[in-house]
Amino acid sequence: MSGSVLVTGGAGYIGTHICVALIEAGFTVSVLDNYYNSNPVSLDRVAHITGQSLARIQGDVRDHKTLSDALQQSGATAVIHCAGLKAVSESVQEPLHYYDHNVVGTLRLLEAMAQCQVKTLIFSSSATVYGNPQFLPLTEEHPLAPTNPYGHSKLMVEKMLRDVFTADPSWRIGMLRYFNPVGAHPSGLIGEDPQGLPNNLLPFVAQVAIGRHPVLNIWGDDYDTPDGTGVRDYVHVTDLAKGHLCALQQLAASKTGHCTAINLGTGTGYSVLDVVRAFEQASGQSVPYRIMPRRPGDVATCFASPQLAQQLLGWQAQQDLLAMCTDAWRWQSDNPQGYTNAL
Ligand code: NAD
Ligand code: UFG
């Protein structure tokens, strides 16, 4: 495969893994990122893994000129739009901040893409658009009823993309709804580097295993699940990255425009205790935990139907929970402070 792709938010957790997959598949990659929640060292690591350089533009997706310059200079024929904010609780405290980065940022991007006649886009959406599951597994037809501003911002963008496509059906748009991305590149050179106390389970478990925190708080063991703890669809970030390649390939090969939402998950749910046990096995470390009250807003169980991804993209996640934990542990133990102080 060849061609030039602009990855917004490409210095972040998922973006770096997408950049590696794109470069290894033969694409020329440019990254636009304001490093709001990332460290440019991550892109040095991408270059190290792939043995190839990539163009970097430090800038904000809310800035029209930055975007049109980036599109023109890169010669991109497609954009993978990962830039955005993602912390649910922060979005409740600062909703306008989330609408600004996530909704306004995408609006500006679409304007610049239309102006530059670049009409192929893959958008980082989220399973959060479904809200509380009314049935499982979650298919793409499940009602969309997010329960927080972060989720609302993702759904607003999906609606905006559908409207853009209705007005101009030559657009080729893939809205990929990620379930719970975890793990790291097998090299141990790139991975998730949360700033401050991690909200998400896997990075917290990894930091307990490395000794940065004494104990994991498990938010509730009285759910209607096999062991009482919450069940989620964890998907390896390198599998997720491959899903973007498959989507890009499909959009490029298609003779007509598209605007399609597709789940990226494994279809299998694991409980918090399953994750703790797998992580202990992968790391050889113990992960002490204590049971705490439920976290407000959490649901008991959430997992994807991955059938549409298989049918439309020929994509299926390959890696199991042990591989996810093994790679997360390699990243954590090789980089105990993430990219901070890294060379
Ligand atoms: P991340 O924070 O690691 O990466 C996002 C990147 O976007 C960062 O490098 C950040 O600096 C950049 N960014 C943010 N606002 C920007 C702006 N206005 N202009 C330019 N760059 C900006 O997050 P991630 O986990 O890699 O997530 C990537 C995307 O996937 C996000 O849109 C997120 O909402 C979505 N997503 C993530 C998850 C998850 O659990 N990680 C789940 C579902 C969806
Ligand atoms: N959990 C703990 N202790 C922790 C952290 C999490 O017990 O310290 C539990 C949660 O209660 C839940 C499970 O681990 O049962 C997973 O929690 P995460 O915070 O890792 O993930 P969520 O499923 O809550 O949320 C993630 C993303 C959201 C996205 C959502 C939808 O963080 O942005 O998936 O797929 F909206």
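This structure is a prediction, so every number in the text was calculated from the model and none was measured.

1. A closer look at unusual backbone geometry
Residue proline 137 follows leucine 136 across a cis peptide bond; omega there is -5°. The phi angle at tyrosine 35 is positive, at roughly 60°, despite the residue not being glycine. Relative to the assigned elements, tyrosine 35 resides in the loop between strand E2 (28-33) and helix H2 (41-50). Classification of tyrosine 35 as buried rests on a relative accessible area of 16%. Look at glutamine 117: it is not a glycine, yet its phi comes out positive at around 60°. Tracing the chain through its elements places glutamine 117 in the loop between helix H5 (95-115) and strand E5 (120-126). In this structure glutamine 117 comes out as exposed when scored by relative accessible area, which is 58%.

2. Digging into the site of ligand 2
Neighbouring ligand 2 are 21 residues, the closest being Asn200, Leu201, Asn217, Arg232 and Asp298. Take asparagine 200: an N or O atom from its side chain is 2.7 Å from an oxygen atom of ligand 2. Between an oxygen atom of ligand 2 and a main-chain N or O atom of leucine 201, the distance comes to 2.8 Å. In isolation ligand 2 offers 690 Å² of accessible surface; the protein chains occlude 88% of this area. By residue number, the principal contributor to the shell around ligand 2 is strand E8 (residues 216-219), which donates four residues.

Cut-offs and rules
- Residues numbered from 1 in each chain as written.
- Chains lettered and ligands numbered in written order.
- Predicted model: local features only at pLDDT ≥ 70, side-chain atom pairs only at ≥ 80, totals over all residues.
- Heavy atoms only, no water.
- Helix = DSSP H or I, 4+ residues; strand = E, 2+ residues; numbered from the N terminus.
- Buried < 20%, exposed > 50% of the residue type's maximum accessible area, 1.4 Å probe, protein only.
- Near = heavy atom within 4 Å.
- Polar contact = N/O pair within 3.5 Å; in protein donor to acceptor, adjacent residues only side chain to side chain.
- Areas by Shrake-Rupley, 256 points an atom, 1.4 Å probe, with all protein chains shown as cover.

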